[in-house]
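# Inside the fold
Next come the chains, spelled out residue by residue.
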Amino acid sequence: MKILSVNAGSSSLKFQMYEMPEEKVLISGVFERIGINDSLYTIKINGEKITKKAELPNHKEAVRILVEELLDNNVIKSLDEIKGIGHRVVQGADKFDKSVLIDDEVVEIISELSSLAPLHNPAAVTGIKAFKEIIPTAQAVAVFDTSFHQTMDKETYLYALPYNWYTDYQVRKYGAHGTSHNYVANRLSEILNKKDCRVIVCHLGNGGSITAVKDGKCVDTSMGFTPNAGVIMGTRCGDIDASIIPYMMKKTNMTYQDIDNAINKQSGFLGISGVSSDSRDIEDGIKQGNERCLLAQHMFIRRVVDYIAKYYVLLNGVDAIAFTAGIGENSIDIRKGIIEKLAVLGIKIDEEKNNVRGKEQLITTSDSSVPVYIIPTDEEVMIARDTYNLIG
Ligand code: AMP
């Protein structure tokens, strides 16, 4: 059965088509700069990558071209071979604790939740509508970044703010990257050959979040009401004292938009280093003796270690820890820096094993108290699995 896994951004559309249940990737790619000039798309098929220019005034046109490519490349012979389309949706809030078949009501709720994810949910709705128009025979499924975190208890997800901020304005912790955390926690459970286990998943990419998982369920996660909370990220500040915001607004006459921009786009690695949001540039800066790059990396490592320590206690010890996403899968130095700071827990890095990028691997010694793994994440396959399971 052919299933498409889709991730629609405001000006992009990523896709991956699977033969299910084998989970074989048939074709994948991305449409970029939709609705702006110089639009283009890239497709990967049979190990080959092709980039083409195209007029992409909207997502619907991108989907139309995608269908043409699927037919031209003989991935499908007719449209009705595509049985399901799984859409990544960033914010499902407390309305969705699992993936669901999409109907008009679901679209309406996703749309209503846009105030909690103003950049992402409207894009998902645009993607859902575009596919519905071009491939009306396929059943659509919504897979939410937040649903994995819906198992957190109230003590964990509430902020100690006036209670009506929660009841009237839905202010609470929702978390993010749930599909990735779910995938990696599942994979750890397979590796450990244990259904019930306590694991910490460190999804460290341009955005970063850390999740404590017990018996396959999220008990706490570092991101909060928005993806701004938790560890330091590429351009987001992570946890700060909330009173800094009114203080800076008063001192500098910044508007709330200025503040929003500062804490989401000008902070994190970029804010501290003054150089870049990209951890590779930070590592290059360190090699050139740039002290602020070194400071940014040290701060990042400290915040990640803080969360691991906190979740180690929360879970009453852990069976495994995993690193995933761009930094987690690729940064040898950052993984080393984090694991070395966990020595007090008896966790010991194997430097030779850690010397890899983008590959599933155990990176601790055989006498380490807790095994630590690199697990490359795969959100697309999770979306395809949920879609396949839901459409039966
Ligand atoms: P993601 O958001 O998961 O795509 O991750 C993006 C982050 O991963 C950026 O900060 C990149 O610098 C980082 N990254 C990607 N490749 C590498 C690499 N080879 N070494 C260090 N960091 C990397």
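An account of the accompanying structure is given in this report.

## Section: the side chain of Asn121
With respect to the helices, strands and loops of the structure, Asn121 is situated in helix H3 (residues 121–134). Beyond its immediate chain neighbours, meaning those up to four positions away, Asn121 contacts Val89, Val90, Gln91, Ile110, Leu113 and Ser114.

## So, H3
In a regular helix each residue adds 1.5 Å, so 14 residues correspond to 20 Å; H3 covers 20 Å between its end C-alpha atoms and thus fits that length. Considered for burial, the residues of H3 that qualify are Asn121, Ala123, Ala124, Val125, Gly127, Ile128, Ala130, Phe131 and Ile134.

## Observations regarding the site of the ligand
The local shell around the ligand consists of Gly205, Asn206, Asp278, Ser279, Arg280, Ala325, Gly326, Ile327, Asn330, Ser331 and Arg357. Separating an oxygen atom of the ligand from a backbone N or O atom of Asn206 is a distance of 2.8 Å. Protein contacts shield 73% of the accessible area of the ligand, which totals 510 Å² for the unbound molecule. Going through the elements one at a time, helix H10 (279–287) and helix H12 (325–330) are the ones with two or more residues in the shell around the ligand. It is H12 that provides the largest number of residues to the shell around the ligand, a total of four residues. Grouping the amino acids of the shell around the ligand by side-chain chemistry returns two nonpolar, six polar and three charged.

## What to know about the pairing of strand E2 (residues 13–19)
Where burial is concerned, most of E2 is hidden: six out of the seven residues are buried. Relative to E2, strand E1 (residues 2–8) runs antiparallel, the two being bridged by seven bridges. When the sheet's bridge partners are listed, Asn7 is paired in E2 with Lys14. The antiparallel hairpin formed by E1 and E2 contains four residues in its connecting segment. When E2 meets strand E3 (residues 24–32), the two strands line up antiparallel, connected through seven bridges. Bridging from a neighbouring strand, Met17 pairs with Ile27 of E3.

## Comments concerning the packing of aromatic side chains
For the coordinates displayed, the defined rule picks out eight aromatic pairs. Seen in terms of ring centroids, Phe15 and Phe31 are 6.0 Å apart; in terms of plane orientation they differ by 40°. Their pairing is tilted. On the criterion of sequence distance, the pair formed by Phe15 in strand E2 and Phe31 in strand E3 is long-range, its members being 16 residues apart. The exposure class assigned to Phe15 is buried, which follows from its relative accessible area of 3%. On the accessibility criterion, Phe31 (0% relative accessible area) is buried. Arranged with centres 4.8 Å apart and planes meeting at 20°, the rings of Phe31 and Tyr41 form a pair that is stacked. With a gap of ten residues between them, Phe31 in strand E3 and Tyr41 in strand E4 (residues 40–45) connect regions that are remote in the sequence.

## Structural notes on the state of the cysteines
Evaluation of the coordinates by the stated rule reveals zero disulfides. In this structure Cys202 is a free cysteine whose sulfur lies 13 Å from that of Cys218, the closest cysteine sulfur available. Of all cysteine sulfurs in the structure, the one in Cys237 sits closest to Cys293, which takes part in no disulfide; the separation is 19 Å.

## Considerations on the sheet that holds strand E10 (residues 208–214)
Ordered in space as E11-E10-E9-E12-E14-E13, the six strands form an open sheet in which the pairing is mixed. The two strands at the open ends of the sheet, each matched to only one other strand, are strand E11 (217–221) and strand E13 (361–362). Here E13 pairs with strand E14 (residues 372–374) via two bridges, running antiparallel. Bridging across to E14, Gln361 finds its partner in Ile374. Against the sheet, helix H6 (residues 178–192) contacts strand E9 (198–204), E10, strand E12 (320–324) and E14, and its axis sits at roughly 135° relative to E9. On the sheet, helix H13 (residues 332–340) packs against E9, E12 and E14 and is oriented at approximately 155° with respect to E12.

Conventions adopted
- Residues numbered from 1 in each chain as written.
- Predicted model: local features only at pLDDT ≥ 70, side-chain atom pairs only at ≥ 80, totals over all residues.
- Heavy atoms only, no water.
- Helix = DSSP H or I, 4+ residues; strand = E, 2+ residues; numbered from the N terminus.
- Contact = heavy atoms within 4.5 Å.
- Expected span 1.5 Å × (residues − 1).
- Buried < 20%, exposed > 50% of the residue type's maximum accessible area, 1.4 Å probe, protein only.
- Near = heavy atom within 4 Å.
- Polar contact = N/O pair within 3.5 Å; in protein donor to acceptor, adjacent residues only side chain to side chain.
- Areas by Shrake-Rupley, 256 points an atom, 1.4 Å probe, with all protein chains shown as cover.
- Nonpolar A, V, L, I, M, F, W, Y, C, P; charged D, E, K, R; others polar.
- Pairing = 2+ DSSP bridges.
- Phe/Tyr/Trp six-rings, centres within 6.5 Å; stacked < 30°, edge-to-face > 60°.
- Disulfide = S-S within 2.5 Å.
- Axes fitted to C-alpha atoms, helices over the stretch in contact; angles between N-to-C directions.

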